[in-house]
Amino acid sequence: METLLLNQDAVDENTQMPELIRAIEDAFAAYATGDAQMPAKSYIDLPQYNGDFRSMPAYLDADDWDAAGIKWVNVHPDNPEEFDLPTVMGTMVYSDPETAFPLAIMDGTELTMKRTGAAAAVATDHLAVEDATSMGLIGAGVQSYTQLEAISEIRPIEDVVISDLNEEAVADFIDYFDDDFDVRAGSISEAASCDVLSTVTPVETPIVSAENLGEHTHVNAMGADAEGKHELADEILLNAKLVIDDHAQTTHSGEINVPYNEGVLSDDDIHGDIGDIVIGDLSGRTENDGVTVFDSTGLAIQDVAAAHVVYEHANENDNGYPFDLLGVQ
């Protein structure tokens, strides 16, 4: 038996976005029904290197398939300038739940980008208006690309507004998508007034106000992944139909972490978890809803579901580099 090594290109090539969206939806459902195990994310803090490690293990049973794995990921802000390395790097170990054999070791950075876009697509499918044709993005980094790629799979997106202080990043985004969408640069207000908005910035002071949003805008708040980060004004969170991916993670490090821990926002202001909407125990968008918000922190079950999709396709396509990790016949 051999373990499959999959680099960034292999992960990208073997991630079929429509299938990934379905797998992420399955993962949310399994979590809601108790058919998943996801211990709390653990941290190793390394102040001497201005960085940290995070481990994210999970197992999920999605009826016709099950999967297990763990993502080992870092955040080292000094890497780009001092070592010419990315700030964030992830490695995914994907294992056979029955035998624990390590089926694959794959790039977790590309995997994270893909599954984050797919998670936003699942939420958008349940919370955005059915005829959403315009999408705004605030933040033109790598996450913005998979947001548009995924969400355009489940809504007929035609017009795209991208907003970022980095004009070069905006130009690159426009060049990349110009053949597929009517895409242009715009202000935060112009982006936020679209039918769907994804925010993918690391800010700690809100940059989107309630006045910026359209009457029925659905917002995917994707940028907050640590204590103190906060993209949306408290007024938005208090008045919107607010959906989260996981209570423990969102209150600790999601979009709602600041107002929740300051006592501005409480559990009564949270509509519920996306998984409960997926399985039908909680309503998604109704005709009476205005603004909706999905607070996404990113869950280990999403990484495992994404790794499952990648591995299955890589096996079919003979992609990757098989090697004898354990020395078993």
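Before reading on, note that the structure itself is shown above.
What you are looking at is a predicted structure, and each value in this text was computed from that prediction instead of being measured.

Would you mind showing me how to read helix α6 (residues 167-177) here?
Within an α-helix, residues lying three or four positions from one another point in the same direction, as the helix has 3.6 residues per turn. By the burial criterion, the buried members of α6 are A169, V170, F173, I174 and F177. Each buried residue of α6 lies within a common arc of 135 degrees when the element is viewed along its axis, so the set occupies one face. For α6, the exposed residues lying more than 90 degrees away from the buried face are E167, E168, D175 and Y176. In this structure, the buried side of α6 is in contact with β8 (134-138), α5 (142-151), β9 (159-163) and β10 (182-185).

Whenever I open this one, the environment of V161 confuses me. Can you help?
Along the chain, V161 falls in strand β9. Overall, V161 belongs to the buried group, its relative accessible area being 4%. A sequence separation of 109 residues divides V161 from I270, and the C-alpha atoms of the two residues are 28 Å apart. Not counting chain neighbours up to four residues away, the residues in contact with V161 comprise M135, G136, L137, R184, A185, G186, E190, A191 and C194.

What is the right way to read the pairing of strand β5 (residues 66-75) from this model?
Regular strands place their side chains on alternate faces of the sheet. Counting buried positions over the 10 residues of β5 gives seven, a clear majority of the element. Note: strand β4 (residues 51-61) against β5, 10 bridges, orientation antiparallel. Each bridged residue has a counterpart across the sheet, and for R54 the counterpart in β5 is V73. Two successive antiparallel strands, β4 and β5, enclose a turn made up of four residues, where D63 displays a positive phi of approximately 70 degrees. Where β5 meets strand β6 (residues 90-95), six bridges bridge the pair, whose relative direction is antiparallel. Within β6, the residue paired with I70 across the bridge is V93.

Rules used in this analysis
- Residues numbered from 1 in each chain as written.
- Predicted model: local features only at pLDDT ≥ 70, side-chain atom pairs only at ≥ 80, totals over all residues.
- Heavy atoms only, no water.
- Buried < 20%, exposed > 50% of the residue type's maximum accessible area, 1.4 Å probe, protein only.
- Helix = DSSP H or I, 4+ residues; strand = E, 2+ residues; numbered from the N terminus.
- Arc of directions from axis to C-beta.
- Contact = heavy atoms within 4.5 Å.
- Pairing = 2+ DSSP bridges.

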